[in-house]
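A look at the structure
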Amino acid sequence: PTGTIYRRAEWKRFLERVPDHVVIAADEAYFEFVRDSDYPDSMEDHDDRRLIITLRTFSKIFGLAGIRVGYAVARPDMIQMLDKVRQPFNVTSLAQVAAIAGMDDRAHIARTLQVNAEGMTYLEGEFARLELPFVPSHANFFLVDVGDGRAVYDKLLRKGVIVRPMHGYGYPRHVRISVGLPEENRRLVAALGEAIGAQS
Ligand SMILES: *Cc1c(COP(=O)(O)O)cnc(C)c1O
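A brief look at the structure comes next. (Residues numbered from 1 in each chain as written. Predicted model: local features only at pLDDT ≥ 70, side-chain atom pairs only at ≥ 80, totals over all residues. Heavy atoms only, no water.)

The next thing to look at is empty space enclosed by the protein. If you walk through the whole model with that rule in mind, you get one cavity of 30 Å³ or more. Approximately 30 Å³ is the volume attributed to the largest cavity. Forming the walls of the largest cavity are Leu15, Val18, Pro19, Asp20, Val22, Ile24, Arg50 and Leu51. For the lining of the largest cavity, the class distribution of residues is six nonpolar, no polar and two charged. (1 Å grid on protein atoms, 1.4 Å probe; cavity = no way out; pocket = protein on both sides within 12 Å on 5 of 7 lines; lining within 4 Å. Points joined across faces, edges and corners; volume = space filled by probe spheres on them. Nonpolar A, V, L, I, M, F, W, Y, C, P; charged D, E, K, R; others polar.)

Relative to the elements of secondary structure, Arg176 occurs in strand S6 (residues 174-178). An unpaired buried charge is present at Arg176: no salt bridge exists, and Asp27, the closest side chain of opposite charge, is 9.6 Å distant. Here Tyr30 takes part through its side chain, which lies 3.2 Å from a polar atom of the side chain of Arg176. In contact with Arg176, not counting residues within four places along its chain, are Pro1, Tyr30, Phe141, Phe142, Val163, Arg164 and Met166. (Helix = DSSP H or I, 4+ residues; strand = E, 2+ residues; numbered from the N terminus. Buried < 20%, exposed > 50% of the residue type's maximum accessible area, 1.4 Å probe, protein only. Lys, Arg positive; Asp, Glu negative; His and termini not counted. Salt bridge = Lys/Arg side-chain N within 4 Å of Asp/Glu carboxyl O. Polar contact = N/O pair within 3.5 Å; in protein donor to acceptor, adjacent residues only side chain to side chain. Contact = heavy atoms within 4.5 Å.)

Spatially, the three strands line up as an open sheet ordered S4-S6-S5, and their pairing is antiparallel. Two strands bound the open sheet, and with one partner strand each, they are strand S4 (141-145) and strand S5 (164-165). Across five bridges, S4 lies against S6 in antiparallel orientation. Across the sheet, the residue bridging to Phe141 is Ser178, located in S6. (Pairing = 2+ DSSP bridges.)

Asp27, Ala29, Tyr30, Thr57, Ser59, Lys60 and Arg68 make up every residue found near the ligand. Here an oxygen atom of the ligand and a side-chain polar atom of Tyr30 are 2.9 Å apart. Measuring from an oxygen atom of the ligand, one finds a side-chain N or O atom of Thr57 at 2.5 Å. Surface burial for the ligand is 58%, taken as the share of its 390 Å² of free accessible area covered by protein chains. (Near = heavy atom within 4 Å. Areas by Shrake-Rupley, 256 points an atom, 1.4 Å probe, with all protein chains shown as cover.)

Residues apart from glycine generally show negative phi values, whereas peptide bonds are mostly found in trans. One non-glycine residue with positive phi stands out, namely Phe89, at about 55 degrees. As for its placement among the helices and strands, Phe89 is situated in the loop between helix H2 (76-85) and helix H3 (93-104). For Phe89, a relative accessible area of 76% translates into the label exposed. At Glu131, a residue that is not glycine, the phi angle is positive and equals roughly 55 degrees. As for its placement among the helices and strands, Glu131 is situated in the loop between helix H4 (106-129) and S4.

Put into structure tokens, the structure is as follows:
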């Protein structure tokens, strides 16, 4: 939930220490958002020896969360194992059409990256102005230290703004805030200012 990345050297060190019989699942849900060139693509490390499975989703950069489609890339023998336990027809034909169209829609992807980058810059400035510590993010959300995560979550909810409280992840002081459209970001900032102002 932090929005941070691991880098190539850390990933290599990790790979070297995992025994060959252990399956490594690389959850790359935010892969397309990351612009740091040192963020590894786990697909480059697939080989005959290691059991790496790369997981990607159409729920994030492609904006198709309601369609329920994603994909896994792994060795054929691993995919055959998955096939034994997955439900038949689990990805509908309409979802497949939407996913393929999404991959081809370079303009939408570029626009999403741009809107997200601008939203990140705006929110970073506003969190600083509100004196709220946050974790620098490579994705499309921020982990923000608001003092009492649950209380701020409740106050924002009453103002019609949904963030995620993080006590379940071991961050009782934090909420997770997704980057939205410019007007949504402004509304979040206004509500957040009121919520923390009223807090102490
Ligand atoms: C969104 C997300 C996924 C995938 O979600 P689906 O909508 O089920 O495809 C996987 N891992 C993380 C960390 C995510 O944020």
